Amino acid sequence: MSHLKAVANRALQFALVLWAVVTILFLMFRLMPGNPMAAYIDPTFTVEQQQALMAQFGLDKPLWKQYIIYLGNLLQGELGQSFRYREPVAERIMALLPNTLILTFSSLIVAYAFGILAGAYLAWRRGSAVENVAIPLVLTTRAMPEFWLGMVLLAIFSFWLGWFPAGGTRSAGASYDSLWALYTSGEFLRYLTLPALTLAIYSQGLPLLLMRSNMLDVMKEDFVTMARIKGLSTWTVVVRHAARNALLPVMTSFAIAVGYQLQGNVVVESVFSWPGLGRELVNAVSASDYPLVQGAFLLIAIVVILMNLIADLLYGLLDPRVSHA
């Protein structure tokens, strides 16, 4: 019963935060200086034509009426019409979302798999020469800007060695029967490698340092000492006893990292011309395509809030010592 109450409380907080985000997005673009439809209205339009367009999009109504209409449309899944593409924003976003999700999850899975294994190993070999070299190297990769790292990888592996393509998801003129055929093709994996590697190198520092820190604490616990006294092998002590208990904060941080990675994709997708949500967001801001910007920001905000909610609930589910009271 207490778990259901905790889930209900978190769901209510999720709804309140989402309402605040929606309200800020609505006000942000309507209170900005200038005409919100400047990119849509052709300079040759007459005043009557401009007023007709404003009426068509409901921008001639009072602000409170626009807000109610906006909330009503959102509840029906209606995000408006893109000024630039002249098509529904929802369709445009949903067409790009798979590319962004594939890039996000592939890079995070590589980063967390490497970070967990390397963090456990460095904790076990604390004080060794390997740790003395690895920790500054990890901090260096974490400090490097994503766009700079991406440009270095592009220069080495694409322009110099020619091993991987410079951008996009497929070669010019290539066509596939379905998205599944595209995403499971070897060509798509070649295009995915460099942007995913850029994000993975940047992201591996967090799970590695977190895992190492947790392992150092866990290895001081009595049950680890007892396992050593019983004569268990090093592998059994590290993997079965220490690493399993140190994994909880790392796994919950994965849920939070998904949301933050979506924001980081904005830069990397632009560097590699990756047709995803982040690159489209940059283009929409440049073109003053406010409906598309609103829709992209809203979707990213929903994912960030949702992943934080999942991480919060996972803590209480996996560790009974954590109270949701």
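Residues numbered from 1 in each chain as written. Predicted model: local features only at pLDDT ≥ 70, side-chain atom pairs only at ≥ 80, totals over all residues. Heavy atoms only, no water.

Basically, it comes down to this: UniProt positions are given in the numbering used here, feature names are shortened, and annotations may be inferred rather than shown by experiment.
Under an unreviewed UniProt entry, the name given to the chain is Peptide ABC transporter permease, and the source organism is Microvirga ossetica. Annotation of the chain in UniProt includes, under Subcellular location (unreviewed entry), the sentence "Cell membrane". Of the comments in the UniProt record for the chain, the one headed Sequence similarities (unreviewed entry) reads "Belongs to the binding-protein-dependent transport system permease family."

### Focus on the overall build of the chain
Note the threshold: Only DSSP runs of H or I covering at least 4 residues are called helices, and only runs of E covering at least 2 are called strands; the numbering of each starts at the N terminus. Only protein chains enter the accessibility calculation, which uses a 1.4 Å probe. A residue is then buried if its area is under 20% of the maximum for its type, exposed if over 50%, and partly exposed in between. Contacts were defined at the residue level, with two residues in contact if any of their heavy atoms lie within 4.5 Å.
Of the regular secondary structure elements, the chain holds 13 helices and zero strands. Ordering the α and β elements of the chain from the N terminus gives α-α-α-α-α-α-α-α-α-α-α-α-α. The buried share among the 325 residues of the chain stands at 42%. Once local pairs closer than 6 in sequence are excluded, the contacts in the chain between residues at least 24 apart make up 74%.

### Things to note about the packing of aromatic side chains
The cut-off we apply is this: For Phe, Tyr and Trp, where Trp contributes only its six-membered ring, two rings pair if their centres lie within 6.5 Å, and the inter-plane angle classes them as stacked under 30 degrees, edge-to-face over 60, or tilted in between. The criterion for a charge sitting over a ring is simple: Lys NZ or Arg CZ within 6 Å of the ring centre, and within 35 degrees of the ring normal.
Using the criterion set out here, one finds six aromatic pairs in the structure. With centroids separated by 5.9 Å and ring planes inclined at 40 degrees, the aromatic side chains of phenylalanine 157 and tryptophan 163 adopt a geometry described as tilted. The aromatic ring of tyrosine 85 is capped on one face by arginine 92, whose charged end is 3.9 Å from the ring centroid. The ring of tyrosine 202 is capped by arginine 142, whose NZ or CZ atom sits 4.7 Å from the centre of that ring.

### Some details on helix H8 (residues 186-203)
The following threshold applies: Every helix has an expected span of 1.5 Å times one less than the residues it contains. To get the bend at a given residue, fit one axis to the seven residues ending there, fit another to the seven starting there, and take the angle between those axes.
The end-to-end C-alpha distance of H8, which contains 18 residues, comes to 25 Å, matching closely the 26 Å that a straight helix rising 1.5 Å per residue would cover. The sharpest bend along H8 reaches about 40 degrees and sits at threonine 193, with the proline proline 195 one to four residues further on.

### Quick notes on the side chain of asparagine 214
Positionally, asparagine 214 belongs in helix H9 (residues 205-218). Excluding residues within four positions of it along the chain, asparagine 214 makes contact with Ala246, Pro249 and Val250.

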